[in-house]
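Survey of secondary and tertiary structure
Here's the letter readout for the chains.
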Amino acid sequence: MPGADTVRAAGDRVEELLAEFGHSATRDKAEELVRSLVQMYGAGLERMLEIVGAETARKLAGDPLVGALLVVHDLHPLTTMERVRGALDAVRPYLGSHAGGVELLGVDDAGVVRLRLEGNCHGCPSSQVTATMAIERAILKDAPEVTKVLVEGVQAEPKLLQIHPYQGSECAVPEEAAT
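In what follows, the accompanying structure is described. Given the structure is predicted, the values throughout are model-derived calculations rather than measurements. Going along each chain's sequence as written, the residues are numbered from 1 onward. Under the rules for a predicted model, residues below a pLDDT of 70 receive no local features and side-chain atom pairs below 80 are neither given nor counted, while totals for whole chains, interfaces and linings still include all residues. To get the side-chain values, take all heavy atoms of the structure and skip hydrogens and water.

Overview of the nonpolar core
What we call a nonpolar core is a set of buried Ala, Val, Leu, Ile, Met, Phe, Trp, Tyr and Cys residues that are connected through their side-chain atoms within 4.5 Å. Partly exposed describes any residue whose relative accessible area lies between the buried limit of under 20% and the exposed limit of over 50%, with all areas from a 1.4 Å probe on protein chains only and scaled to the type maximum. Val84, Leu88, Val113, Leu115, Ile135 and Ile139 are the most contacted members of the largest nonpolar core, which has 18 residues in total. Elements with a minimum of two residues in this core: α4 (80-99), β1 (101-107), β2 (112-118), α5 (125-142) and β3 (148-152). The helix and strand labels rest on DSSP assignments: H or I over at least four residues marks a helix, E over at least two residues marks a strand, and numbering proceeds from the N terminus. At five residues, the largest contribution of residues to this core is made by α4.

Structure follows, in C-alpha coordinates:
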(Lines give C-alpha, C1' and ligand atoms only; values in the text may rest on other atoms or scores of the structure.)
Protein backbone atom coordinates (compact mmCIF):
# COMPACT_ATOMS: atom_id res chain seq x y z
CA MET A 1 0.00 0.00 0.00
CA PRO A 2 1.42 3.40 -0.91
CA GLY A 3 2.35 5.61 2.01
CA ALA A 4 4.79 8.23 3.20
CA ASP A 5 7.54 6.59 1.15
CA THR A 6 5.52 7.22 -2.01
CA VAL A 7 5.17 10.91 -1.18
CA ARG A 8 8.86 11.15 -0.26
CA ALA A 9 9.88 9.40 -3.51
CA ALA A 10 7.70 11.74 -5.58
CA GLY A 11 9.22 14.76 -3.84
CA ASP A 12 12.74 13.42 -4.43
CA ARG A 13 11.93 12.87 -8.11
CA VAL A 14 10.61 16.43 -8.48
CA GLU A 15 13.85 17.71 -6.92
CA GLU A 16 15.93 15.58 -9.34
CA LEU A 17 14.03 16.89 -12.33
CA LEU A 18 14.32 20.49 -11.18
CA ALA A 19 18.06 20.02 -10.67
CA GLU A 20 18.41 19.05 -14.34
CA PHE A 21 17.39 22.60 -15.29
CA GLY A 22 20.48 24.02 -13.59
CA HIS A 23 20.30 27.62 -12.47
CA SER A 24 18.31 29.35 -15.16
CA ALA A 25 15.13 31.22 -15.89
CA THR A 26 13.65 27.91 -17.06
CA ARG A 27 14.33 26.35 -13.66
CA ASP A 28 12.71 29.33 -11.94
CA LYS A 29 9.59 28.83 -14.09
CA ALA A 30 9.58 25.08 -13.41
CA GLU A 31 9.81 25.73 -9.64
CA GLU A 32 6.98 28.24 -9.90
CA LEU A 33 4.88 25.66 -11.78
CA VAL A 34 5.50 23.01 -9.10
CA ARG A 35 4.76 25.52 -6.31
CA SER A 36 1.49 26.54 -7.98
CA LEU A 37 0.36 22.92 -8.42
CA VAL A 38 1.25 22.05 -4.81
CA GLN A 39 -0.66 25.11 -3.55
CA MET A 40 -3.70 24.19 -5.66
CA TYR A 41 -3.74 20.59 -4.41
CA GLY A 42 -3.18 21.78 -0.84
CA ALA A 43 -6.13 24.15 -1.08
CA GLY A 44 -8.26 21.32 -2.46
CA LEU A 45 -7.23 18.98 0.38
CA GLU A 46 -7.94 21.69 2.94
CA ARG A 47 -11.42 22.27 1.52
CA MET A 48 -12.15 18.51 1.47
CA LEU A 49 -11.18 18.24 5.15
CA GLU A 50 -13.53 21.12 5.97
CA ILE A 51 -16.38 19.37 4.10
CA VAL A 52 -15.91 15.93 5.68
CA GLY A 53 -15.44 17.23 9.24
CA ALA A 54 -12.95 16.53 12.01
CA GLU A 55 -13.83 12.87 12.67
CA THR A 56 -13.51 11.81 9.04
CA ALA A 57 -10.39 13.97 8.64
CA ARG A 58 -8.77 11.99 11.50
CA LYS A 59 -9.70 8.71 9.81
CA LEU A 60 -8.30 9.91 6.49
CA ALA A 61 -5.09 11.06 8.22
CA GLY A 62 -4.65 7.50 9.53
CA ASP A 63 -4.02 6.28 5.99
CA PRO A 64 -0.26 6.35 5.31
CA LEU A 65 -0.52 8.01 1.89
CA VAL A 66 -3.23 10.51 2.78
CA GLY A 67 -1.55 11.25 6.11
CA ALA A 68 1.77 11.97 4.38
CA LEU A 69 0.05 14.30 1.90
CA LEU A 70 -1.65 16.12 4.76
CA VAL A 71 1.75 16.56 6.43
CA VAL A 72 3.20 18.02 3.20
CA HIS A 73 0.42 20.59 3.16
CA ASP A 74 0.54 21.20 6.94
CA LEU A 75 -3.05 19.96 7.24
CA HIS A 76 -2.64 16.85 9.39
CA PRO A 77 -5.16 17.01 12.26
CA LEU A 78 -2.55 15.69 14.73
CA THR A 79 0.54 17.64 15.67
CA THR A 80 4.00 16.18 15.11
CA MET A 81 4.27 15.62 18.87
CA GLU A 82 0.98 13.67 18.94
CA ARG A 83 2.06 11.50 16.00
CA VAL A 84 5.48 10.83 17.57
CA ARG A 85 3.75 9.83 20.83
CA GLY A 86 1.49 7.48 18.87
CA ALA A 87 4.47 5.92 17.10
CA LEU A 88 6.23 5.38 20.43
CA ASP A 89 3.10 3.81 21.94
CA ALA A 90 2.92 1.43 18.97
CA VAL A 91 6.58 0.36 19.20
CA ARG A 92 6.81 0.00 23.02
CA PRO A 93 5.51 -3.61 23.11
CA TYR A 94 8.23 -4.65 20.64
CA LEU A 95 11.10 -3.13 22.60
CA GLY A 96 11.16 -6.09 24.95
CA SER A 97 12.90 -6.45 28.27
CA HIS A 98 16.32 -5.36 27.01
CA ALA A 99 15.37 -1.95 25.64
CA GLY A 100 12.63 -1.25 28.18
CA GLY A 101 10.73 1.97 27.82
CA VAL A 102 11.38 5.09 25.87
CA GLU A 103 10.76 8.62 27.10
CA LEU A 104 9.90 11.43 24.69
CA LEU A 105 11.91 14.48 25.74
CA GLY A 106 10.57 16.74 23.00
CA VAL A 107 10.33 17.76 19.36
CA ASP A 108 11.97 21.03 18.35
CA ASP A 109 10.98 23.45 15.58
CA ALA A 110 13.58 21.94 13.24
CA GLY A 111 11.84 18.54 13.44
CA VAL A 112 14.41 16.91 15.74
CA VAL A 113 12.92 14.35 18.14
CA ARG A 114 14.79 13.81 21.41
CA LEU A 115 14.31 10.56 23.32
CA ARG A 116 15.78 8.65 26.25
CA LEU A 117 15.84 4.84 26.46
CA GLU A 118 14.86 3.46 29.84
CA GLY A 119 16.30 -0.01 29.36
CA ASN A 120 17.60 -2.69 31.65
CA CYS A 121 20.52 -3.62 29.45
CA HIS A 122 23.00 -0.79 29.95
CA GLY A 123 25.95 -2.84 28.72
CA CYS A 124 24.39 -4.03 25.47
CA PRO A 125 25.05 -1.41 22.81
CA SER A 126 23.77 -3.68 20.03
CA SER A 127 20.39 -4.02 21.79
CA GLN A 128 20.26 -0.24 22.21
CA VAL A 129 21.07 0.36 18.55
CA THR A 130 18.48 -2.21 17.42
CA ALA A 131 15.83 -0.61 19.62
CA THR A 132 16.79 2.85 18.37
CA MET A 133 16.45 1.76 14.75
CA ALA A 134 12.97 0.28 15.42
CA ILE A 135 11.93 3.50 17.15
CA GLU A 136 13.25 5.67 14.31
CA ARG A 137 11.37 3.61 11.69
CA ALA A 138 8.11 3.91 13.66
CA ILE A 139 8.51 7.66 14.12
CA LEU A 140 9.39 8.35 10.47
CA LYS A 141 6.43 6.26 9.33
CA ASP A 142 3.96 8.30 11.41
CA ALA A 143 5.75 11.66 11.27
CA PRO A 144 7.66 11.86 7.97
CA GLU A 145 8.50 15.52 8.56
CA VAL A 146 10.83 14.56 11.43
CA THR A 147 14.37 15.41 10.36
CA LYS A 148 16.33 13.53 13.01
CA VAL A 149 15.85 11.24 16.01
CA LEU A 150 18.37 11.71 18.82
CA VAL A 151 18.42 9.13 21.60
CA GLU A 152 20.22 9.99 24.84
CA GLY A 153 22.78 7.52 26.11
CA VAL A 154 22.83 5.18 23.12
CA GLN A 155 26.29 3.87 22.41
CA ALA A 156 27.45 3.09 18.91
CA GLU A 157 27.83 -0.51 17.80
CA PRO A 158 31.08 -1.97 19.16
CA LYS A 159 33.85 -2.35 16.63
CA LEU A 160 34.72 -5.91 15.78
CA LEU A 161 38.02 -7.22 17.00
CA GLN A 162 40.13 -8.20 14.01
CA ILE A 163 41.85 -11.54 14.48
CA HIS A 164 44.74 -12.15 12.11
CA PRO A 165 45.99 -15.63 11.19
CA TYR A 166 48.97 -16.89 13.15
CA GLN A 167 52.20 -16.01 11.37
CA GLY A 168 54.55 -18.25 13.38
CA SER A 169 57.42 -20.27 11.86
CA GLU A 170 55.55 -23.58 11.72
CA CYS A 171 52.89 -21.96 9.49
CA ALA A 172 55.30 -20.14 7.25
CA VAL A 173 55.65 -21.43 3.73
CA PRO A 174 59.31 -21.98 2.78
CA GLU A 175 60.43 -19.55 0.13
CA GLU A 176 61.32 -22.33 -2.31
CA ALA A 177 57.78 -23.80 -2.02
CA ALA A 178 56.18 -20.44 -2.69
CA THR A 179 57.92 -20.06 -6.08
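Describing unusual backbone geometry
Even without glycine at this site, aspartate 74 takes up a positive phi of about 55°. Tracing the sequence through the fold places aspartate 74 in the loop between α3 (64-72) and α4.

A short note on the environment of glutamate 103
Note that glutamate 103 resides in strand β1. We classify glutamate 103 as partly exposed; its relative accessible area is 28%. Through-space distance from the C-alpha of glutamate 103 to that of arginine 114 is 8.7 Å; in sequence the pair is eleven residues apart. Here, residues are in contact when the closest pair of their heavy atoms is within 4.5 Å. Sequence-distant contacts of glutamate 103, that is, excluding residues within four places in its chain, are made with Arg114, Leu115, Arg116 and Glu118. We call two N or O atoms a polar contact when they sit within 3.5 Å, provided that within protein one can donate a hydrogen and the other can accept it, with sequence-adjacent residues counted only if both atoms are side-chain atoms. Polar contacts involving the side chain of glutamate 103 include one to the side chain of arginine 116, which spans 2.8 Å.

A few points about the pattern of salt bridges
What makes a salt bridge here is a side-chain nitrogen of Lys or Arg within 4 Å of a carboxyl oxygen of Asp or Glu, nothing more. Summed over all chains, the structure comprises nine salt bridges. In this structure, glutamate 55 engages lysine 59 in a salt bridge whose closest nitrogen and oxygen atoms are separated by 3.9 Å. Of this pair, glutamate 55 and lysine 59 both sit in helix α2 (residues 25-61), four residues apart, which is roughly one turn of that helix. With its nearest N and O atoms 3.3 Å apart, the salt bridge here joins aspartate 142 to lysine 141. For aspartate 142, a relative accessible area of 26% translates into the label partly exposed.

Points about α3
At 3.6 residues per turn, the α-helix brings residues three or four places apart onto the same side. Of the residues making up α3, those classed as buried are Gly67, Ala68, Leu70 and Val71. Looking straight down α3, one finds its buried side chains confined to an arc of 160°; they lie on one side. N-cap assignment for α3: the residue whose side-chain oxygen lies 3.1 Å from the backbone N of leucine 65 is aspartate 63. Following α3 by one or two positions, aspartate 74 adopts a phi angle in the positive range, close to 55°. By arc we mean the arc of the directions from the helix axis to the C-beta atoms, nothing more.

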